[in-house]
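Coordinate inspection notes
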Amino acid sequence: MQNREESLRRIWKALRAGNKFFIAGHLNPDGDSLGCTLAVTSLLERLGKTVYAYAAPAIGNDLKFLPGLEKIHVGVLPEHPDFDTVILLECSDRQRGGDLESVLTRAKTLVNIDHHLVSDAYGDVNHIDSVASSTAEIIFQLFEESEDEHCLPTPDEATCLYTGLVTDTGRFVHSNTTAEALRVGSALVALGADVNQINQVIYFTKSYIELKLLGRALEKMEMRFDNKYSQIILTRRDFEAFGATPAQTQGIVSQPTMIPGVEVSALIKEEPDKVSVNLRSRGGVDVSRIAQTFGGGGHARASGFKVTGKTVDEVADALAEVVHHVVKSIG
């Protein structure tokens, strides 16, 4: 990536030059993707811009407390996409936000802001910082680069960005918790981020169905390869037993990493049209490389992928073969 300050100034130039903006994060937005979408939407509106904020296909219940959520068009693209500037957040390629070609092909300027290790420079303006803990960290740096105190995050914007920061760092536990991440977190709290609400909603609130599903998942947990690999398979029958959906599995994949000796944890979910896999690492294995083998990606400690046209058992077997090769090299 080019000089950070220079790159952020290029983004500011695009923000000031544009008038009609389309902004989106990746499909199935997490706290970082959605929080940044809302914060940038709010900033642009304060600058007097017209903004169409988009997310697809749905927003998890744990993120519906975020201020400004009513501005998001969920799964609904504009009928007449005539935006001069498109901003994609945390999209490692131009398809990561969904089928947006009707919007992308008409825009004059495409701004790409991402922090993934593997990311395409597909924008007219690209800011890809794999050292950053989160896209929220980058967006806060963007606010700072404005050199205008009126452009510092409002309390609502700070809440959105802090949500992105805290979810991507796992409450400042993951290895991406750097001094800069902690500085940004402290600054956002000082600016009014509602830390108590964020913690209560995201980390200390679970529905009865979610807890029952967690119990089923832990019952089905298998330990393999000298207990270095934990595998949980949830089938459609498991979801149907509790009236649950695959979206209600938040946090399950991280549970087995509490077990000493576990290097990789996988949650394999059978969905109506695909098999989706979440991966977590205790730190000794870069699970993004495992995910890339199956066309996915993410971060060293948290990644995932989706497979169509194969059964859940076929995906589980193929994944186990790759994981086995990786963990046996650890010793």
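Coordinates for the structure precede this section.
Below is a short write-up of the structure.

Observations regarding the packing of helix α5 (residues 155-168) against helix α6 (residues 179-190)
Two elements in contact, α5 and α6, have axes whose closest approach is 9 Å; the angle formed by their N-to-C orientations is 150°. Comparing their axes, α6 and α5 come out roughly antiparallel. Two packed elements cross with a definite hand, and for α5 against α6 that hand is left-handed. Every residue of α6 that contacts α5 at Ala-158, Leu-161, Tyr-162 and Leu-165 is listed here: Ala-181, Val-184, Gly-185, Leu-188 and Val-189. Split by residue class, the contact of α5 with α6 holds eight nonpolar, one polar and no charged.

What to know about the pattern of salt bridges
Counted according to the given criterion, the structure contains 13 salt bridges. Salt-bridge contacts for Glu-101 lead to Arg-94; the nearest nitrogen and oxygen are separated by 3.2 Å. Among the residues examined, Arg-94 registers a relative accessible area of 24% and is labelled partly exposed. Between Arg-183 and Glu-180 there is a salt bridge, with the nearest N and O atoms lying 2.8 Å from each other. Here the residue Arg-183 and the residue Glu-180 both occupy positions in helix α6, the gap between them amounting to three residues, near one helical turn. For Arg-183, a relative accessible area of 35% translates into the label partly exposed. Overlapping salt bridges bring together Glu-144, Glu-180 and Arg-183 as one network.

Quick word on the nonpolar core
Counting residues in each nonpolar core, the largest one holds 49 residues, and the members touching the most others are Ile-87, Ile-139, Leu-161 and Leu-188. Of all the elements, helix α2 (residues 31-46) adds the most residues to this core, at seven residues. If near-sequence neighbours (up to four positions away) are discounted, Ile-139 is found in contact with Cys-36, Val-40, Leu-89, Ile-113 and Leu-161. Of all hydrophobic cores here, the second largest spans 22 residues; its members include Tyr-229, Ile-233, Ile-290 and Val-323.

Describing a negative patch on the surface
Residues Asp-313, Glu-314, Asp-317 and Glu-321 make up a contiguous surface patch of negative charge. Secondary-structure assignment places Glu-314 in helix α11 (residues 312-327). Residue Glu-314 is classed as partly exposed on the basis of its relative accessible area, which comes to 41%.

Here is what the cut-offs are and how they apply
Residues numbered from 1 in each chain as written. Predicted model: local features only at pLDDT ≥ 70, side-chain atom pairs only at ≥ 80, totals over all residues. Heavy atoms only, no water. Axes fitted to C-alpha atoms, helices over the stretch in contact; angles between N-to-C directions. Helix = DSSP H or I, 4+ residues; strand = E, 2+ residues; numbered from the N terminus. Parallel < 35°, antiparallel > 145°, perpendicular 65-115°, else oblique. Left-handed = near helix turned anticlockwise from the far one by under 90°. Contact = heavy atoms within 4.5 Å. Nonpolar A, V, L, I, M, F, W, Y, C, P; charged D, E, K, R; others polar. Salt bridge = Lys/Arg side-chain N within 4 Å of Asp/Glu carboxyl O. Buried < 20%, exposed > 50% of the residue type's maximum accessible area, 1.4 Å probe, protein only. Core = buried A, V, L, I, M, F, W, Y, C linked by side-chain atoms within 4.5 Å. Patch = residues over 30% accessible without salt bridge, like charges linked within 9 Å, V, L, I, M, F, W, Y side chains within 5 Å. Areas by Shrake-Rupley, 256 points an atom, 1.4 Å probe, with all protein chains shown as cover. Lys, Arg positive; Asp, Glu negative; His and termini not counted. Charge placed at Lys NZ, Arg CZ, Asp CG, Glu CD.

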